[in-house]
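A structural walkthrough
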Amino acid sequence: MAAQGHDVAACKQVDGGITRVFQLLGKRWSGPIVAVLVDQPAHFADLRRAIPGLSERMLSDRLAELGAAGLVVREVDEGPPLRVSYRLTESGAALEPALKALGQWAQTHLPDAEPCMGATETCVESARK
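Residues numbered from 1 in each chain as written. Predicted model: local features only at pLDDT ≥ 70, side-chain atom pairs only at ≥ 80, totals over all residues. Heavy atoms only, no water.

Within an unreviewed UniProt entry, the label attached to the chain reads Helix-turn-helix domain-containing protein, and the organism entered is Streptomyces lannensis.

Listed below in structure tokens is the structure:
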């Protein structure tokens, strides 16, 4: 039931920029991938090892999405052996202060949880305890 005299136009709407950033970085694994790449470029296998529970398929999909958004660049290192590495673009690197601020906020305001080692149910159950 709506309150009398309620001005619908006065309701705060979500900022379009916030909506766009969370549509991209709010997807599972996207934030951690960018966070790993903030420190330095990484090879595919190194990214996979740095983020427990992330499958090769999902990593490939997320890297493609981040690349299409202009945040990550894929570079082929001519071999031998042939290796593919990923690095942040200038736009991607500009996320560093925001990611660090979010990490600090999480340390202060979110309960500690066991590191996630694969199964989503285990991580969710650990966070509830």
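1. A word on the pairing of strand β3 (residues 83–88)
Note the threshold: Whether two strands pair comes down to DSSP finding at least two bridges between them. In this text, helices come from DSSP runs of H or I with a minimum length of four residues, and strands from runs of E with a minimum of two, each type numbered from the N-terminal end.
Here two bridges tie strand β1 (residues 42–43) to β3, and the two strands are oriented antiparallel to one another. If you follow A42 over to β3, its bridge partner there is Y86. Relative to β3, strand β2 (residues 72–77) runs antiparallel, the two being bridged by six bridges. In the strand pairing of β3, R74 is matched with Y86. Hairpin geometry of β2 and β3 is characterised by an intervening segment of five residues between the two adjacent antiparallel strands.

2. Some words on the sheet that holds β2
Strand order in the open sheet formed by three strands is β1-β3-β2, with antiparallel pairing between adjacent strands. Since the sheet does not close on itself, it has two edges, and those belong to β1 and β2, each with one partner.

3. Here we look at the pattern of salt bridges
Just so we agree on the cut-off: Each reported salt bridge corresponds to a side-chain nitrogen of Lys or Arg within 4 Å of a carboxyl oxygen of Asp or Glu. Note on exposure labels: buried denotes an accessible area under 20% of the residue type's maximum, exposed denotes more than 50%, and partly exposed covers the range between, all computed with a 1.4 Å probe on protein chains only.
Under the definition given, this model contains seven salt bridges. The partner of D46 in a salt bridge is R49, with the nearest N and O atoms 2.5 Å apart. Here the residue D46 and the residue R49 both occupy positions in helix α3 (residues 44–50), the gap between them amounting to three residues, near one helical turn. Across the salt bridge formed by K100 and E96, the nearest N and O atoms sit 3.1 Å from each other. Remark: E96 and K100 occur in helix α6 (residues 96–109); sequence separation between them is four residues, near one turn of the helix. Overall, the relative accessible area of 29% leaves E96 in the partly exposed class. A network of salt bridges, in which partner residues are shared, links K27, R62 and E65.

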